[in-house]
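Survey of secondary and tertiary structure
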Amino acid sequence: MSDGSNDDGTTPGVEPDGNGRHRELTARLAVPEMDCPSCAGKVDNALGRLDGVTDTALNPTAGTATVTYDPDLVGESDVVAAIEGAGYEVTGGRTGGDGTDAGGATDNDADAGSGGVAVAPPAEVWTTTRAKKTWLGAALVTLGLLFEFVLTARNPAVASVLGYPIHLSGVLFLGAVAASGIPIVRGGYYSARNRSLDIDLLMGTAIVAATGIGYFVEAATLAVLFSVAELLEDYAMDRARDSLRELMELSPDEATVRRDGEEATVPTDDVAVGETVIVRPGEKVPLDGTVLEGESAVDESPITGESVPVDKAPGDEAFAGAINETGYLEIEVTSTAGDSTLARIIELVQGAQAEKTETERFVDRFAGYYTPVVVALAILTAAVPPLVIAEPIAVDVAGYGFVFAADWGTWFVRGLTLLVIACPCAFVISTPVSVVSGITSAAKNGVLIKGGNHLEAMGEVDAVALDKTGTLTKGELAVTDLLPLGDADEARLLRLAAALERRSEHPIAAAVLDRAERAGVSDLPEPAGFESLTGKGIRAEIDGETYYAGKPALFEELGFDLSRAQAETDGGVVAEDDETEGATGGSDGSAPDEFADGALAALERDGKTVVLVGTATELTGAVAVADEVRRDSKRAVARLRELGVERVVMLTGDNEGTARAIAESVGVDEYRADLLPEEKVDAVESLQAAYGEVAMVGDGINDAPALATAEVGVAMGAAGTDTALETADIALMGDDVAKLPYLYDLSHAANGVIRQNVWASLGVKALLALGVPLGLVSVAMAVVVGDMGMSLGVTGNAMRLSGIEPESFE
């Protein structure tokens, strides 16, 4: 009989590496019924007994299992069998080599549209086989209670077991146990087989024990109520998973591609890099790419959270999931479906949900002690009192009378009730459902939080450190002032400056050329003998004469007396749409022969960069350039303080003049200038020593050391930037500083919700446990309030986070 191997000993469909070893495969499986940490623990135990499984990542909040395995030792069918052997159905999956999507899928494939990222498909909770059995059990319990307590005269004995009569109501209760309780008992069996002390084992044991000693009412009530609780929890968890499904649904499944001169509609997974996709008005951009032809306004809010459509023209970047609103676009694909920005966002969001926070780890440790202790108390409650209480004891507590019974039956039911309370389900899910709600809500608003621990940490920061360029400012220089001299006018000054700068790649050159284009300056002369004077400026021949453009210090070296010039800056501040131009001219309106007293000093005090233009013997004029402050920077800084941030500090490598101008404009508490990257690290550490936890906001690349030093690193404008997505703890997908207050508000609220959920679930469990020995808590109350009620309560409370949205600073 063949073992399925090839003649060379390799496995069919599995490609060996260069050394003859087989690469590992990764199966991404949808396991919708795995919806709590104890469920994941049971699956983990089952997979851990499989030889060849090298890594598992179980995400109960998404209902997915990612399993890496050696195909020489185990196959995907074995992995699926192990999961189903733990009691959980696998509804779909995908397998890829080396953790990548293989492009194939099993039957009933899970939703893995974004490059193999999977989430459990929507569940029809109320029409499943489990639901139908629950409704049947509920009907039988209702009839049983009717015959037991109302129609007692019509409740005859219909059978006898060991001399004990079984009435019609008892048969109905047993039917309810069989209908609703068998799935629970089966789950308990799987838990016992996998050595997992979870709710299925506790409830299954309680149902079997109650049935075995003839407590049919309690057994049937427990089976039905717990089944209803499980259905409600499944429904609540499915609603929690909806937010992630919404993200996944943003990416189209199909794309219109031009191949061999004809248009064809194909799955996005089949589109290769370099192909051209066509996007018509109203359609979604199927894959990341660069616009080749056409112009349109594109809604990028699914990626960046920015509600205002962005105009796209040839050469501009487009993201998968963005919506083309008005025009026709042809886009050259730059990444496959699995590598698109949206796919990476979804994958990182899923990974973030799976990463445990400090609170979750505490809860898990606490639950590890809580459950065994309460189970032990349940056993003692059922066994000890009947042995030590010879006759009923009346006790008065705060004016209330309680009777401690002496019979075994009463204490058995109370022990059974404690066994139900021993399940820490609501307590354990209180944090993960909050994290899921917070992280997915943030992702839909253009904020990518890469772990629940970062969500918690951001809500606890005491100080926020902000980089200047690209964070508080746009990071794009613009010409703010033109000061022509002598017989030159603004047009001549711009023409010479633009001609000199057209060969330069410096950001100042781009600003000058942009201003010249907007001013209609055309027919720029071609510079000859272009030379970059490192750290000073540039030199070139224009119309046969040598011209210079650069810092005032360059012209001082050429012999000009510029004693009034101040230290150069490399950026500054100007209010948006508020440019001032020109210089004080002569009485006839002509340009002055030299700069007015303090003119250059005034520009530099405002944090502007001054570029002089002229020959070795004559100055043509000065061009002032500045980096524009973002429109929302000032309001964002103020809002952070309103929300409770103690200190907002700007860190910049710019000089004192530039830093002071920016700081005064946006209203930060303090600024620190002339900082090298390592000095930004020192600045963050000093803030930590002075105020506590610090969040650093920068571009994710140049500020990497400071981002890594802070408790939370936040990268601005990370859409399409692989490095920023990978290095930062939190990424603002768009260049929108207004998202910072939203991020802090969401994180702070999430911490509050987590604390509410943890303490409420613990408090309710404690009160119920205290009421059990006094006879104040029944089995039904333990299930309805302690299990079902609290699980729904903490889930509903967590869903409130999805209602927090960024403020508009318009």
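Everything numeric in this text was worked out from a predicted model, so none of it was measured.

**A word on the overall build of the chain**
Regarding its fold elements, the chain presents 24 helices and 32 strands. Once local pairs closer than 6 in sequence are excluded, the contacts in the chain between residues at least 24 apart make up 69%. In the structure as shown, the chain presents an accessible area of about 34,400 Å², 52% of it carried by carbon and sulfur atoms.

**Some points on the packing of helix 9 (residues 358–388) against helix 23 (residues 739–771)**
For the pair helix 9 and helix 23, the least separation of the axes is 12 Å and the interaxial angle reads 10°. In this view, helix 9 runs roughly parallel relative to helix 23, as classed from their interaxial angle. Here Thr359, Val363, Phe366 and Tyr370 of helix 9 lie close against helix 23, whose contacting residues are Ile754, Val758, Leu762 and Lys765. Its residues assigned to classes, the contact of helix 9 with helix 23 shows six nonpolar, one polar and one charged.

**Thoughts on the sheet that holds strand 28 (residues 647–651)**
Through backbone hydrogen bonds, the strands of a sheet pair up, either in parallel or in antiparallel fashion. Taken in spatial order, the seven strands line up as 20-32-31-30-21-28-29 in an open sheet, and their pairing is mixed. Either end of the sheet is taken by a strand with one partner, and the two such strands are strand 20 (447–449) and strand 29 (670–672). Direction aside, neighbouring strands of the sheet carry axes that sit 20° apart on average. Relative to strand 29, strand 28 runs parallel, the two sharing three bridges. Within strand 29, the position partnered with methionine 650 by the bridge is tyrosine 671.

**Here's the deal with the pattern of salt bridges**
Under the criterion given, the structure shown has 19 salt bridges. A salt bridge links glutamate 557 to lysine 536; the shortest N-O distance between them is 3.1 Å. Of this pair, glutamate 557 sits in helix 16 (residues 552–557) while lysine 536 sits in the loop between strand 23 (528–533) and strand 24 (537–542); the two residues are 21 residues apart in sequence, bridging distant segments of the chain. A salt bridge links arginine 631 to aspartate 632, with the nearest nitrogen and oxygen atoms 3.7 Å apart. Overall, the relative accessible area of 12% leaves aspartate 632 in the buried class. Overlapping salt bridges, with partners in common, bring together Arg502, Arg503 and Glu526 in one network.

**What to know about the packing of aromatic side chains**
In the structure shown here, the tally under the stated rule is four aromatic pairs. Considering the side-chain rings of tyrosine 189 and tyrosine 190, the 5.5 Å spacing of their centres and the 55° angle between planes classify their relative orientation as tilted. Here tyrosine 189 falls in the partly exposed class, since its relative accessible area comes to 47%. Relative to phenylalanine 555, the ring of tyrosine 548 lies with its centre 6.5 Å away and its plane at 75°, an arrangement referred to as edge-to-face. Judged on exposure class, the residue tyrosine 548 and its partner phenylalanine 555 are both buried. Cluster of aromatic residues (ring-pair linked, three or more members): Tyr548, Phe555 and Phe560. Directly above the ring of tryptophan 411 sits arginine 414, whose terminal nitrogen or CZ lies 4.7 Å from the centroid.

**Points about helix 3 (residues 129–149)**
Given a rise of 1.5 Å per residue, 21 residues ought to cover 30 Å, and the 30 Å separating the end C-alpha atoms of helix 3 matches this to within 8%. Three or more residues of helix 3 are buried, namely Ala131, Thr134, Gly137, Leu140, Val141, Gly144 and Phe147.

**So, the environment of leucine 174**
Here leucine 174 lies in helix 4 (residues 168–193). Remark: the alpha-carbon pair of leucine 174 and glycine 144, spanning 30 residues in sequence, is separated by 9.4 Å. Leave out the neighbours within four places in its chain, and leucine 174 touches Thr211 and Phe216.

**A closer look at unusual backbone geometry**
Keep in mind that most residues, glycine aside, have a negative phi and that most peptide bonds are trans. Although it is not a glycine, aspartate 260 adopts a positive phi angle of roughly 55°. Structurally, the position occupied by aspartate 260 is in the loop between strand 9 (254–259) and strand 10 (262–267). Classification of aspartate 260 by relative accessible area gives exposed; the value is 81%. For aspartate 543, which is not glycine, the phi dihedral falls at a positive 55°. Exposure remark for aspartate 543: the relative accessible area of 64% places this residue in the exposed category.

**Thoughts on the sheet that holds strand 15 (residues 317–318)**
Here we have six strands laid out as an open sheet, ordered 10-9-11-17-12-15, and antiparallel in their pairing. Lying at the two open borders of the sheet, with one neighbouring strand each, are strand 10 and strand 15. When strand 11 (residues 276–279) meets strand 17 (residues 329–333), the two strands line up antiparallel, connected through four bridges. The residue bridging isoleucine 278 from the neighbouring strand is glutamate 330, located in strand 17.

**A short note on the environment of glutamate 275**
Within the fold, glutamate 275 resides in the loop between strand 10 and strand 11. Relative accessible area serves as the criterion here: at 17%, glutamate 275 is assigned to the buried category. Taking C-alpha positions, glutamate 275 is 9.5 Å from glycine 289, a pair spaced 14 residues apart along the chain. Side chain to side chain, glutamate 275 and arginine 259 meet in a polar contact 2.6 Å long.

**Let's talk about the packing of helix 18 (residues 633–642) against helix 23**
Close contact between helix 18 and helix 23 brings their axes to 8 Å; oriented N to C, the two are set at 20°. In terms of orientation, helix 18 lies roughly parallel with respect to helix 23. Classified by chirality, the crossing of helix 23 by helix 18 is left-handed. Contacts between helix 18 and helix 23 involve Ala636, Arg639 and Leu640 on the former and, on the latter, Leu740, Pro741 and Tyr744. Tallied by class, the residues present in the contact of helix 18 with helix 23 amount to five nonpolar, no polar and one charged.

**Focus on the confidence of the model for the chain**
Overall, the prediction assigns the chain a mean pLDDT of 78, with 81% of residues at 70 or greater. Within the chain, the element-level pLDDT minimum falls on strand 5 (residues 111–114), averaging 43, and the maximum on strand 28, averaging 93. A low-confidence stretch, residues 97–117 stays under pLDDT 50, and its non-local contacts, those more than four residues away or across chains, total 59 contacts. Every residue in residues 565–589 scores below 50 in pLDDT, and together they form 69 contacts with partners more than four places removed in sequence or on other chains.

**A few points about the pairing of strand 26 (residues 609–614)**
Moving residue by residue along a regular strand, the side chains alternate between the two faces of the sheet. In terms of burial, strand 26 is a largely internal element, six of the six residues being buried. With burial as the criterion, each face of strand 26 is covered, one bearing Thr609, Val611 and Val613 and the other bearing Val610, Leu612 and Gly614. In terms of strand pairing, strand 25 (residues 545–550) meets strand 26 through three bridges, oriented antiparallel. If you follow glycine 550 over to strand 26, its bridge partner there is leucine 612. In this antiparallel pair of consecutive strands, strand 26 and strand 27 (residues 619–629), the connection spans four residues.

**Examining a nonpolar patch on the surface**
Among the surface-exposed residues, Val373, Leu377, Leu380, Val384, Leu387, Val388 and Trp408 lie close enough to one another that they form a single nonpolar patch of about 700 Å² accessible area. Counting residues per element, the nonpolar patch draws most heavily on helix 9, which supplies six residues. For valine 388, the position within the fold is in helix 9. With a relative accessible area of 61%, valine 388 lands in the exposed category.

Conventions and cut-offs
- Residues numbered from 1 in each chain as written.
- Predicted model: local features only at pLDDT ≥ 70, side-chain atom pairs only at ≥ 80, totals over all residues.
- Heavy atoms only, no water.
- Helix = DSSP H or I, 4+ residues; strand = E, 2+ residues; numbered from the N terminus.
- Contact = heavy atoms within 4.5 Å.
- Areas by Shrake-Rupley, 256 points an atom, 1.4 Å probe, with all protein chains shown as cover.
- Axes fitted to C-alpha atoms, helices over the stretch in contact; angles between N-to-C directions.
- Parallel < 35°, antiparallel > 145°, perpendicular 65-115°, else oblique.
- Nonpolar A, V, L, I, M, F, W, Y, C, P; charged D, E, K, R; others polar.
- Pairing = 2+ DSSP bridges.
- Salt bridge = Lys/Arg side-chain N within 4 Å of Asp/Glu carboxyl O.
- Buried < 20%, exposed > 50% of the residue type's maximum accessible area, 1.4 Å probe, protein only.
- Phe/Tyr/Trp six-rings, centres within 6.5 Å; stacked < 30°, edge-to-face > 60°.
- Lys NZ or Arg CZ within 6 Å of the ring centre and 35° of its normal.
- Expected span 1.5 Å × (residues − 1).
- Polar contact = N/O pair within 3.5 Å; in protein donor to acceptor, adjacent residues only side chain to side chain.
- Left-handed = near helix turned anticlockwise from the far one by under 90°.
- pLDDT = per-residue confidence, 0-100.
- Patch = residues over 30% accessible without salt bridge, like charges linked within 9 Å, V, L, I, M, F, W, Y side chains within 5 Å.

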